[in-house]
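Reading the structure
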Amino acid sequence: MILKDFFIGLSQNQLLNSAAKKYGLKLGAQNVVAGTNIAETIESIKELNKHGISCTVDNLGEFVFEKEEATAAKNQILAVIQAIHENGVDAHISLKPSQLGLDIDYEFCKENIKEIVSAAHEYGIFVNFDMEDNARLQPSFNLLDELSENYDNIGTVIQAYFFRAEEDLHQHKNYRLRIVKGAYKESPEVAYQDKQEIDKNYIKLIEWHLLNGKFTSIATHDHNVINHVKQFVKENNIPNEKFEFQMLYGFRKEMQLDLAKEGYNFCTYVPFGQDWYGYFMRRLAERPQNMNLVVKQVFTKQTNTMIGLAAGAFLLGRLTKKK
Ligand SMILES: Cc1cc2nc3c(=O)[nH]c(=O)nc-3n(C[C@H](O)[C@H](O)[C@H](O)COP(=O)(O)OP(=O)(O)OC[C@H]3O[C@@H](n4cnc5c(N)ncnc54)[C@H](O)[C@@H]3O)c2cc1C
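The rules behind these values
- For every chain, the first residue of the written sequence is number 1, and numbering continues from 1 along that sequence.
- Under the rules for a predicted model, residues below a pLDDT of 70 receive no local features and side-chain atom pairs below 80 are neither given nor counted, while totals for whole chains, interfaces and linings still include all residues.
- Helix and strand labels come from DSSP, where a helix needs a run of H or I of at least four residues and a strand needs a run of E of at least two; each type is numbered from the N terminus.
- Counting other C-beta atoms within 10 Å of its own, a residue is labelled buried from 20 upward, exposed at 12 or fewer, and partly exposed in the gap between, with every C-beta atom placed from the backbone.
- Using the backbone to place each C-beta atom, any residue with that atom within 6 Å of a molecule or strand is considered near it.
- Between any two strands, pairing holds if DSSP finds at least two bridges.
- Between N-to-C directions, angles span 0 to 180 degrees; the directions come from axes that are lines fitted to C-alpha atoms, helices contributing only their stretch in contact.
- UniProt positions are given in the numbering used here, feature names are shortened, and annotations may be inferred rather than shown by experiment.
- The nonpolar core criterion groups buried Ala, Val, Leu, Ile, Met, Phe, Trp, Tyr and Cys residues into a set whenever they are joined through C-beta atoms within 7 Å.
- Residue pairs are scored as contacts if the distance between their C-beta atoms, which are placed from the backbone, is within 7 Å.
- Any helix carries an expected span of 1.5 Å times its number of residues minus one.
- Starting at the helix axis, one direction is taken to each C-beta atom, and the arc is that of these directions.
- Angle categories are assigned with fixed cut-offs, so that under 35 degrees is roughly parallel, over 145 is roughly antiparallel, 65 to 115 is roughly perpendicular, and the rest are oblique.

Let's shift gears to the overall build of the protein chain. Looking only at helices and strands, the protein chain features 13 helices and eight strands. Buried residues in the protein chain amount to 43% of all 323 residues.

Given below as structure tokens:
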């Protein structure tokens, strides 16, 4: 738990995030990030498509507090949509409202997302609104609901650790939904803390949406959940067209290929760009062993120093708090 808190704390550390960007740490993290630019990313998508795997593309970035930065992110996502269309690849978009200005101004963010959704709509491309932390949850649902008055190519994520997840799911059952356990640090006032409780709620939400909802994306690396879903869809005669499995780029690669080979719809979440820091720290919080995946590529002397310093500050903070 302490380790998890530590990495989540790091993921939200704006100083380290901007330092990581500023010093342009040599990414080379081909194992977890599909490319640093659109051309490289399209090549990675083509490779996955060859195996019957579709993709959802995430332009990495968060902690956006300047309008120029949000506008640049919007333009980059518009360019991705254009590239998906021109290359005829099987891919859609995942976006984070905070990257498009949610923390700056709601209406500004809505306009940015509307432009993206509208461009994607023209090409029949789906846009998923990723869900972030509790503070951004309701505003993100509001964005989705308001834009759904004019667009049907949008959907979002339900995070099973929230107490309100079931109600949100029922209210949004007519959307294509990705269901996840939840990646952020949330307080006991709003979210389950116990892994078993989260897992139990996760299964409950997946089963409900498979039976009652529109399309379901089951986004997990948890083989127990995946095996359970395989059994559940068989027993309930739920056709493959009603759901897909999703995993993150670079994680459990063999299992991704196997699920696609078995005939299930499979979609890989493909992050790309320079702003890898927050994304990567959340993956370490989920599973410190994930360090193995990237240790050679991402961990240069500079990152080690940064993380070492942050670890020192974090532990010092805990020790002084205890006094
Ligand atoms: C495609 C996708 C999109 C997501 N989008 C969002 C989002 O919008 N918002 C959000 O809050 N979160 C999102 N998440 C993150 C999600 O909420 C979880 O934090 C994350 O997926 C970790 O939980 P898990 O279900 O994969 O399994 P965990 O609970 O982390 O793992 C369960 C078990 O599975 C096995 N396992 C897990 N990973 C591995 C591995 N790499 N290799 C071998 N065994 C492994 C281990 O036995 C582990 O004990 C997303 C996740 C995915 C896959």
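From this point, things continue past the structure.
Near the ligand, the surroundings consist of 21 residues, among which Val180, Ala183, Ala219, Thr220 and His221 are the closest. Counting residues per element, the ones that place at least two in the shell around the ligand are strand S4 (154-159) and strand S7 (243-248). Broken down by element, the shell around the ligand gets its largest block of residues, three residues, from S7.

With parallel pairing, the eight strands of this closed barrel are ordered in space as S1-S2-S3-S4-S5-S6-S7-S8. For this sheet, the mean angle separating the axes of adjacent strands, direction not counted, is 30°.

When the UniProt feature table is mapped onto this chain numbering, "binding site: substrate" (unreviewed entry) sits at Lys96, Arg282 and Arg283. Within the element layout of this structure, Lys96 appears in the loop between strand S2 (91-95) and helix H5 (106-122). For Lys96, a count of 22 C-beta atoms within 10 Å translates into the label buried. Mapped onto the secondary structure, Arg283 falls in helix H11 (residues 277-286). You can call Arg283 buried: it has 21 C-beta atoms within 10 Å.

For the rest of this paragraph, the subject is the nonpolar core. In terms of nonpolar packing, the biggest core is built from 73 residues, with Ile93 and Ile116 touching the most fellow members. Apart from residues no more than four positions distant in its own chain, Ile116 is found in contact with Lys74, Ile77, Leu78, Ile93, Leu95 and Val127.

Another aspect to go through is the UniProt feature "binding site: FAD" (unreviewed entry) in the protein chain. What UniProt calls "binding site: FAD" (unreviewed entry) maps, in this numbering, to Met131, Gln159, Lys181, Gly182, Ala183, Lys195, Thr220 and His221. Here Lys181 shows up in the loop between strand S5 (176-180) and helix H8 (195-212). We classify Lys181 as buried; it has 20 C-beta atoms within 10 Å. When sequence neighbours within four positions are dropped, the list of residues in contact with Lys181 reads Ala160, Tyr161, Ile198, Tyr202 and Thr220. By secondary structure assignment, the location of His221 is in the loop between strand S6 (216-219) and helix H9 (223-235).

For helix H3 (residues 38-50), with 13 residues, the first-to-last C-alpha span of 18 Å sits near the 18 Å given by 1.5 Å per residue. Those residues of H3 not exposed but buried are Thr41, Ile42, Ser44, Ile45 and Leu48. Projected down its long axis, H3 carries its buried residues within an arc of 160°, all on one side. In H3, the exposed residues that point more than 90 degrees away from the buried face are Ala39, Glu47 and Lys50. Tucked into the core, H3 has its buried residues touching strand S1 (54-59), helix H4 (67-87), S2 and strand S8 (266-272).

What follows covers the packing of H4 against H5. It is the contact of H4 with H5, at a shortest axis distance of 9 Å, that shows an interaxial angle of 10°. Classified by the angle between their axes, H4 and H5 sit roughly parallel to one another. Contacts between H4 and H5 pair Lys67, Ala70, Lys74, Ile77, Leu78 and Ile81 from the former with Phe108, Asn112, Glu115, Ile116, Ala119 and Ala120 from the latter.

This paragraph deals with the pairing of S1. Most of S1 is tucked away, with six of its six residues classed as buried. Here S1 shows two buried faces, one formed by Ser54, Thr56 and Asp58 and the other by Cys55, Val57 and Asn59. Bridge analysis of S1 against S8 gives six bridges, and the strand direction is parallel. Its bridge partner lying in S8, Asn59 is registered against Phe272. With four bridges joining them, S1 and S2 adopt parallel strand pairing.

With that out of the way, let us pick up the environment of Asn201. Tracing the sequence through the fold places Asn201 in helix H8. With 20 residues separating them in the primary sequence, Asn201 and Lys181 have C-alpha atoms 8.6 Å apart. Not counting chain neighbours up to four residues away, the residues in contact with Asn201 comprise Ala160, Ala165 and Tyr192.

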